[in-house]
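For reference, the chains in residue letters:
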Amino acid sequence: MLLDGHDPDAIAKAADALAAGELVAFPTETVYGLGARADDDRAVAGIFAAKGRPVGHPLIVHVADAAAARTFCATWPDLAQRLVAAFWPGPLTVIVPRAEGVAAACAGGQSTIGLRCPSHPVALALLRAAAERGVLGVAAPSANRFGRLSPTQASHVVAELGPDLLVLDGGACEVGIESTIVDCSRDRAVLLRPGTLTRSAIEAVLGRPLENRDAAAPRAPGTLDAHYAPQARVRLMNTALLRSAIDLLTDPASEAPLRLAVYSRLLPPAGTVAIHQAMPARADQTAHELFTVLRHFDDLGAELIWVEEPPSTAEWDGVRDRLVRASAT
Ligand code: TXA
Ligand code: MG
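Residues numbered from 1 in each chain as written. Chains lettered and ligands numbered in written order. Predicted model: local features only at pLDDT ≥ 70, side-chain atom pairs only at ≥ 80, totals over all residues. Heavy atoms only, no water.

Turning our attention to the sheet that holds strand S14 (residues 275–278). The parallel open sheet is built from four strands, whose spatial order is S12-S15-S13-S14. Of all the strands in the sheet, just strand S12 (233–237) and S14 have a single pairing partner and so form its edges. The mean inter-strand angle of the sheet, taken between neighbouring strand axes irrespective of direction, is 15°. Sheet topology note: the S12/strand S15 (residues 304–308) ladder contains five bridges and is parallel. Directly across from Arg235, in S15, lies its bridge partner Trp306. Set on the sheet, helix H10 (residues 283–299) makes contact with strand S13 (260–264), S14 and S15; between it and S13 the angle comes to about 175°. (Pairing = 2+ DSSP bridges. Helix = DSSP H or I, 4+ residues; strand = E, 2+ residues; numbered from the N terminus. Axes fitted to C-alpha atoms, helices over the stretch in contact; angles between N-to-C directions. Contact = heavy atoms within 4.5 Å.)

So this is what it looks like as C-alpha cells:
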C-alpha cells in the first residue's frame, strides 16, 4: 500500500503500524528503508524474512535525535558526539557500544550498534511520531531483497517487496547511495562504508585521521560481500578500455552483445551501443541517479552493463565503492 509520505494521516498510520510491530518502508535522503521497531525482536525478524537477509547481519537503528540515540548505547564516545553534532540529521551512521539487553536482534547479537538520524522530512516526521508512541528507534536496512540494489524511489520498493507492504512515498532520494558508516566503538574513527560525506569533511570534524578498516574492525557484512548488484553483469572499465571496447563494437564485422548498456561520461558512437546513459560530471549527481539508472537497465533487460570508472578523487569514493561491488558478481 503506497501512501503519500507528506500526508500527516499517512505518517500517523505508519507510526501506529510500527508501534504495533509491523513493517513500514519509508524514504530517507540516502535510500528507502524497511523499518520495524528496534526494541521488538519479533518485528525485527520480519525485516530479515521480508528481505531474505541472513540473520546475524546487523541493522542500522534510525532515531529522531541524538538523545534517542543515546538510549541504545552503553557509552557515547566523544568521536561519535563530534560527528553527530556536525552531520545529523544526515547521511551518517555511527557505530557505538550497545547498551546491554537493548535491540539485540537488530544488532545481530554484536556488542555494538549502528545509529543514524536521517534528514529526509518524511523520515523525521515518522521517527518523531513513532517516538510519541514509545518507539525510540526504528531498525531499517535498505528496502530491497538481499544482495540487490537499494531502492531510491517508492516504486522500486514495491517492485522489490510487493504491493502489500505499507510504503511511505517521499519522492526520489536526494543522496542516492547509502550512508557513510564510521565505527567509533574503539577510541578511533574507522571508515566502514564510504558515502557522500567526504573524508576531509569528516577529518576536519574529528581533528584526527579517519582510519581505514582493519582486521579488528567490527563485522559489517553488507560492506564486505558483493553487494548493490543489478541483475545484469557489470563491468567497470577505465576510459581508454571503454573507448576501445566501444570502437570494437563500431566495427561492423564484430557482433555486439544483444543487450548491452553503457553508463559513462563518454559519448558512444550513435546506433551501436544498445543503451547509453551519460554519467553526470559531478560525484553527488552521479550518486543521486546511480541506482535508478542501473535498475532502469535491468528493467530494460540488459545482460551486460559497461561502466566507465569514475575519477580517482576522494569525492567519488562512495560511487566507486558501489560500482566495484556491483562488478564483483
Ligand atoms: O543509508 C543507509 O544507511 C540506509 C538507510 C535506509 O538508512 N540503510 C542501509 O542499511 O544501508 P543496510 O542494512 O542496507 O546496511 C547497513 C550496513 C551493513 O553493511 C551493516 O553490516 C552495517 O551497516 N552495520 C549495521 N550495524 C552495524 C554494527 N553494529 N557494526 C558494524 N556494522 C554495522
Ligand atoms: Mg542494503
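Near ligand 1, the surroundings consist of 25 residues, among which Thr30, Arg53, His62, Ser179 and Arg193 are the closest. Here an oxygen atom of ligand 1 sits 3.1 Å away from a polar atom, N or O, in the side chain of Arg116. Here Ser142 contributes a side-chain N or O atom positioned 3.1 Å from an oxygen atom of ligand 1. Look at ligand 1: alone it shows 680 Å² of surface, and the protein chains cover 98% of it. Elements with a contribution of two residues or more to the shell around ligand 1: strand S4 (60–62), strand S6 (112–116) and helix H8 (221–224). With four residues, S6 is the largest single contributor of residues to the shell around ligand 1. Looking at the shell around ligand 1 residue by residue, the classes come out as 11 nonpolar, nine polar and five charged. (Near = heavy atom within 4 Å. Polar contact = N/O pair within 3.5 Å; in protein donor to acceptor, adjacent residues only side chain to side chain. Areas by Shrake-Rupley, 256 points an atom, 1.4 Å probe, with all protein chains shown as cover. Nonpolar A, V, L, I, M, F, W, Y, C, P; charged D, E, K, R; others polar.)

This paragraph deals with the pairing of strand S10 (residues 190–193). Here three bridges tie strand S9 (residues 180–183) to S10, and the two strands are oriented antiparallel to one another. Looking at the pairing, Val182 lines up with Leu191 of S10. In sequence, S9 turns back onto S10 through a hairpin of six residues, with Asp187 there showing a positive phi of about 60°. Pairing geometry for S10 and strand S11 (residues 211–212), over two bridges, is parallel. Each bridged residue has a counterpart across the sheet, and for Leu191 the counterpart in S11 is Asn212.

Before going further, it helps to examine the domain arrangement of the protein. Per the domain assignment, the segments making up the protein are domain 1 (2–212) and domain 2 (233–326). Between the C-alpha centres of domain 1 and domain 2 the distance comes to 30 Å. If you look at the interface, domain 1 gives 21 residues, while domain 2 gives 15 residues. Approximately 1400 Å² of surface area, both sides summed, lies buried where domain 1 meets domain 2, with 56% of it carried by carbon and sulfur atoms. Interface area lost by domain 1 to domain 2 is led by Leu149, Ile177 and Pro194, which between them contribute 39%. The shortest N-O distance in the salt bridge between Glu160 and Arg295 comes to 3.1 Å. At the boundary of domain 1 with domain 2, the tally comes to eight residue pairs in polar contact (both at pLDDT 80 or more). (Domains from an automatic or database assignment. Buried area = accessible area lost by both parts, 1.4 Å probe. Salt bridge = Lys/Arg side-chain N within 4 Å of Asp/Glu carboxyl O.)

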